[in-house]
Structure formats: C-alpha cells, structure tokens
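Letter by letter, the chains look like this.
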Amino acid sequence: MLFACFPQPILVESNILNENLEQYETEIKKVVSQIGSMRNSSLNVESTHKVANNIFDLATLKGLPEAIFFHARNFLHDIGYTNTDSLYFDNVWANISCKGDYLFPHVHGGALISGVYYVKCDIRDKIKFFNTPSMLPEPVEYNQYNAQSGEHSCIPGSLIMFTSDLQHGTEKQIGEEKIVISFNMNLRDLKPSPNTMMIS
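This write-up is about the structure you can find in this document. (Residues numbered from 1 in each chain as written. Predicted model: local features only at pLDDT ≥ 70, side-chain atom pairs only at ≥ 80, totals over all residues. Heavy atoms only, no water.)

**Digging into the sheet that holds strand S4 (residues 87-98)**
Here is step 1: Strand order in the open sheet formed by six strands is S1-S9-S6-S11-S4-S3, and the pairing between neighbours is antiparallel. The open sheet is flanked by strand S1 (10-13) and strand S3 (46-47), the only strands paired with a single partner.
Here is step 2: Of the pairings in the sheet, the one linking strand S6 (residues 113-120) to strand S11 (residues 177-187) comprises seven bridges and is antiparallel in character. The residue bridging Lys120 from the neighbouring strand is Ile179, located in S11.
Here is step 3: Lying over the sheet, helix H1 (residues 21-35) contacts S4, S6 and S11, oriented at roughly 105° with respect to S6. (Pairing = 2+ DSSP bridges. Helix = DSSP H or I, 4+ residues; strand = E, 2+ residues; numbered from the N terminus. Contact = heavy atoms within 4.5 Å. Axes fitted to C-alpha atoms, helices over the stretch in contact; angles between N-to-C directions.)

Below, the structure written as structure tokens:
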C-alpha cells in the first residue's frame, strides 16, 4: 500500500471579491506610480517588495485584508495551527509584471505562510511549485509519489496560499499584464514543537 508521507499543502480559493478587481487594479497602479517599484535578477517583475512594507497601508483594497485573514486562519487550522489569535501580516506587496517577466524559484524565509491574490492576469500563466530536489535517477513516468513540480493557473480573483518554505516561481509570462498582491504571514510567539510523524 502506497501513501504520501510528506504532502505539501496548497490552498486555492476562487472568486474572491471579483466585483472589486477593477477598483483594486486602479488603486494598485496609483500607489505604485507614487512610491515606485524595484526589480532584480530573481524578482524580474516591478515590485513594491523592497519599497513599502505593507501595501494595505497605502492602497484602499476594501475587503481584501479581511478575506485573506479568513482563509489564512482556515488554512492554518487545517495544517495543525489551531490557535491563530496572534496571526498578522509580516509584509504585503504588489507586483506588476509584463509579457516575458518571471520569478526565479525561491522561498520566503522567516514567514509561516505566504500567498498571492490575482487582481489581473492571463489564465495561460501559472505559478509553479517545486519539490525538494531529488538525487534519485529520473523515473520513466512521473506521478503523485515522485513529481518534482506542480502548477496552478493564475486566475483573476483567486487566492493561493502555501507554507513559506515551499519553493515557487513563474516561467516567462505569456499575458500582457499581471497584477498581484503577495504576502507573508506569521503567528506571534510561535513555539517550536516536535515535528516527527509516527508511522504504524
């Protein structure tokens, strides 16, 4: 009997505040034009990540912080963090990318969970997640037990959330423009605990 010993949890929620997407796009572009953005060799998109710590303090994105909090609490509960009273945004930023832009595979050190909310995008574009690199010979056929990567389509109004140690990135963008809100979240005073799973 086969079973997956170390699953990687990824939350995908669709149709979140779709009615606000146009307003979010306008507000994000206005703030980015005011504060500026930066890019580098691994973050090859225009981003406020190094410019402002919390885009929610600058842009009026009505209902979005609360929606992310709601789904983050549920996600954390599902993966074993039942006390989420101290949950907070560590940082929140906006990315605006164009055709050909990409995000080199990376993790978000120092955070517990990370995520992305898609304001504007082309559904042909995807976010890609990577498994820990394997030193085994390449199998003839990949399946759920040996896959080294997985991907999800970028869909406007969708929220994707994952543990911050999960490597992720994007290949060269197909669509003309993508606008996203990305974030890291933590629990204050999170205590280390035994993390060995018993197999019987």
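And the narrative resumes.
**As for the state of the cysteines**
Here is step 1: All chains considered together, the criterion is met by zero disulfides.
Here is step 2: Free of any disulfide, Cys98 has its nearest neighbouring cysteine sulfur in Cys121, separated by 14 Å. (Disulfide = S-S within 2.5 Å.)

**Things to note about the environment of Asn184**
Here is step 1: Assignment of secondary structure puts Asn184 in strand S11.
Here is step 2: The class of Asn184 is buried, set by a relative accessible area of 6%.
Here is step 3: When the C-alpha atoms of Asn184 and Thr163 are compared, they prove to be 9.5 Å apart, with 21 residues separating the residues in sequence.
Here is step 4: Beyond its immediate chain neighbours, meaning those up to four positions away, Asn184 contacts Tyr88, Phe89, Asp90, Asn91, Trp93, His108, Ala111, Ile113, Ser114 and Ser164.
Here is step 5: A polar side-chain atom of Asn184 sits 2.9 Å from a polar atom in the side chain of Asn91. (Buried < 20%, exposed > 50% of the residue type's maximum accessible area, 1.4 Å probe, protein only. Polar contact = N/O pair within 3.5 Å; in protein donor to acceptor, adjacent residues only side chain to side chain.)

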